[in-house]
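Descriptive structure summary
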Amino acid sequence: MDSNVAPLHVENVSKNFGGLQALLGVNLTLQEGERRAIIGPNGAGKTTFFHLISGVLTPSSGHIHLFGQEVTSKPPYRRAALGLARTFQINNLFPNLSVLDNIVLSVQALEKTKFSMFKPMTSYRHVYLRAEELMEQWGLADKGNTTVRNLSYGDQRELEVVMALAQEPKLLLLDEPTGGLSPAETATVTAMLSQLPRHITVLLIEHDMDVAFTMADRVTVFYMGEVLAEGTPQEVRENPKVQEIYLGSPI
Amino acid sequence: MRRSFLPIILVIAGLAILAILPKVLTSYYVGLLVTVLIFGIFALSLDLLLGHCGLPSLGHAASFGTAAYVAGFLSLKIANNAPVNFAAALFAGGAVAAIFGLLALRTRGIYFLMITLALSQVLWGLAFKWKSATGGDDGMPGIPRPNLSMLGLDLTPVNSYYYFTLALFVLVCILMYILIRSPFGHSLRGIRESESRMLALGYNVWAHQYVAFIIAGLFAALAGILYVYYNNMVSPKDLHLITSAKVLLMVILGGTGTFLGPILGATLIVLLENIVSGFTERWLLILGIIYVLVIMLAPKGLLGPLRGRLRRWIPM
Ligand SMILES: Nc1ncnc2c1ncn2[C@@H]1O[C@H](COP(=O)(O)OP(=O)(O)O)[C@@H](O)[C@H]1O
Ligand SMILES: [Mg+2]
């Protein structure tokens, strides 16, 4: 496939924070519909990489293309408009709003009417119908009126993903969606992710190896800000350098 | 479904009382009510920033005072042409917000507080020093009430001015209510809750905040215009930090983002200031004490405990 129309094409990207080199010359290209996992020890630069792709941070050098368009220094909302959605490693929701209002804001994000100041929000029926459909689909139907800060951590983690799905993304970045979840909750979220339609390209940071290796077509290993290895789950599992950094952990 | 008529009945009852009050009160108290309504508008405008956007401006008197000066100056020194003077003063108040917003919205939290404070104090300094235009410390006395004789209205009697102010107060309430219920209003609250999430969702956060900042400035300007015409004078204190802090306290006292809270806060502070100033000069000290008490005893404001129930009718 021509890399110019790849959902994501990252070219030689580096990021330093003052003296700290968080990322160094990272290259990564995703094919449409691909499921890619990023693994690597804490502090390897995985979340920083997501911040660069989504526009929270701009790279110190290198280029980022989304769907063939250069976005290296575009603000996050422009990247979202291209079809990018992301979740956050640390829950980033609207804690004092209801679950329904959280999702409604996601659904509304790419509607032209979002700047309207006159008609009440509730008159945009299709936005609410879509939000309710999503809550139904992902098991949040009975929690619509719950204020988000009163949700359990597991439900908040799930909402984190649903918010991103509500954007109807073409490329979805998931930052440790199962982080801090119990095994049962992890299973729920994993099932949820494996149901995602194939037209969504998924880039997933995952510390749970089982989840990473089952979900992904290909795996990229970050280590100290660099790509240490990339390949199929099988190739990565058998890579001696990877085995070395994960010494002792089952791989 | 019968319960949903309750707020409508309460609003109508409230309006009826406000309409009847001048018939039963002496003109002194009617004047006090005018001040309450004006500060109600002022507090509502600040609450759009504080309650809905999470932007704590400590310079909201900038738009209020600028509009007051412009309306006063034009009416006194050029011509008492109400429509032109209103429009010019609104424009001036909005323009101040448009300029200050550009500078202040680069910062957040305590820095936002400091820069809005600093910018508004610059205007205060200007009003204080530029004697030939502003009258300096003495301000500009003798400003006539707006001349609406072409509409057959004489706003000189306090009762007429009260109804005029009440009509604009009701208009502001309606506009503000429409605004906070709109998709734009919802987006503002999303931004208050998490800017980074709103950006990731695809919202141009800055544009929303900037538009809200200007709208808040325009409503504050309207309050300033009503204020200068009511008092027949304007002075630097209308631009001063004390005025900004007073309106901030009104919003916090009543409860941010609760719509009724800022109006309640404005009512209580205006009445209290009036009572207290009868027997002490230390109004500022009292204001400070109230501030501390509110933060300690009712950090969510007097209407804080009702938030859950109000949420049904008032998006917050
Ligand atoms: N905003 C920042 N300022 C300074 N250092 C940062 C910042 N964000 C991340 N870092 C540092 O960059 C490195 C990579 O962090 P991160 O991308 O969060 O790692 P990971 O997600 O792989 O655990 C860490 O050493 C972290 O402390
Ligand atoms: Mg991380």
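See the structure above.
Summarised in this report is the structure supplied together with it. For clarity, every value in this text was computed on a predicted model and none was experimentally measured. (Residues numbered from 1 in each chain as written. Chains lettered and ligands numbered in written order. Predicted model: local features only at pLDDT ≥ 70, side-chain atom pairs only at ≥ 80, totals over all residues. Heavy atoms only, no water.)

Residues and elements named next belong to chain A. Near ligand 1 the following residues occur: Phe17, Leu20, Ala22, Pro41, Asn42, Gly43, Ala44, Gly45, Lys46, Thr47 and Thr48. Within the side chain of Thr47, one N or O atom sits 2.8 Å away from an oxygen atom of ligand 1. Here an oxygen atom of ligand 1 and a side-chain polar atom of Thr48 are 2.6 Å apart. Contact with the protein chains hides 60% of the accessible area of ligand 1, taken as 560 Å² for the molecule alone. Elements represented by at least two residues in the shell around ligand 1 include exactly strand E2 (20-30) and helix H1 (46-54). Per-element accounting of the shell around ligand 1 gives the leading share, three residues, to H1. Taken together, the residues of the shell around ligand 1 sort by class into five nonpolar, five polar and one charged. (Near = heavy atom within 4 Å. Polar contact = N/O pair within 3.5 Å; in protein donor to acceptor, adjacent residues only side chain to side chain. Areas by Shrake-Rupley, 256 points an atom, 1.4 Å probe, with all protein chains shown as cover. Helix = DSSP H or I, 4+ residues; strand = E, 2+ residues; numbered from the N terminus. Nonpolar A, V, L, I, M, F, W, Y, C, P; charged D, E, K, R; others polar.)

Describing an aromatic ring pair means giving the distance of the ring centres and the angle of the ring planes. Residue and element names in this part refer to chain B. Applying the stated criterion across every chain yields a total of 16 aromatic pairs over all chains. Pairing Phe39 with Tyr227 gives two aromatic rings, centres 5.6 Å apart and planes at 80 degrees, and the pair type is edge-to-face. Within this pair, whereas Phe39 is found in helix H2 (residues 27-53), its partner Tyr227 is found in helix H10 (residues 205-231), the two being separated by 188 residues in sequence. Tyr227 matches Phe39 in its accessibility class, with the two residues each being buried. Ring centres 5.9 Å apart and planes at 80 degrees place the aromatic pair Tyr177 and Phe259 in the edge-to-face group. With a gap of 82 residues between them, Tyr177 in helix H7 (residues 158-181) and Phe259 in the loop between helix H11 (241-254) and helix H12 (260-276) connect regions that are remote in the sequence. The exposure class assigned to Tyr177 is partly exposed, which follows from its relative accessible area of 27%. Under the relative-accessibility criterion, Phe259 is labelled buried at 11%. Connected via pairs of aromatic rings, a cluster forms that spans Phe86, Tyr161, Phe164, Tyr229 and Tyr230. (Phe/Tyr/Trp six-rings, centres within 6.5 Å; stacked < 30°, edge-to-face > 60°. Buried < 20%, exposed > 50% of the residue type's maximum accessible area, 1.4 Å probe, protein only.)

Keep in mind that these numbers describe shape and distance, not what the molecule does.
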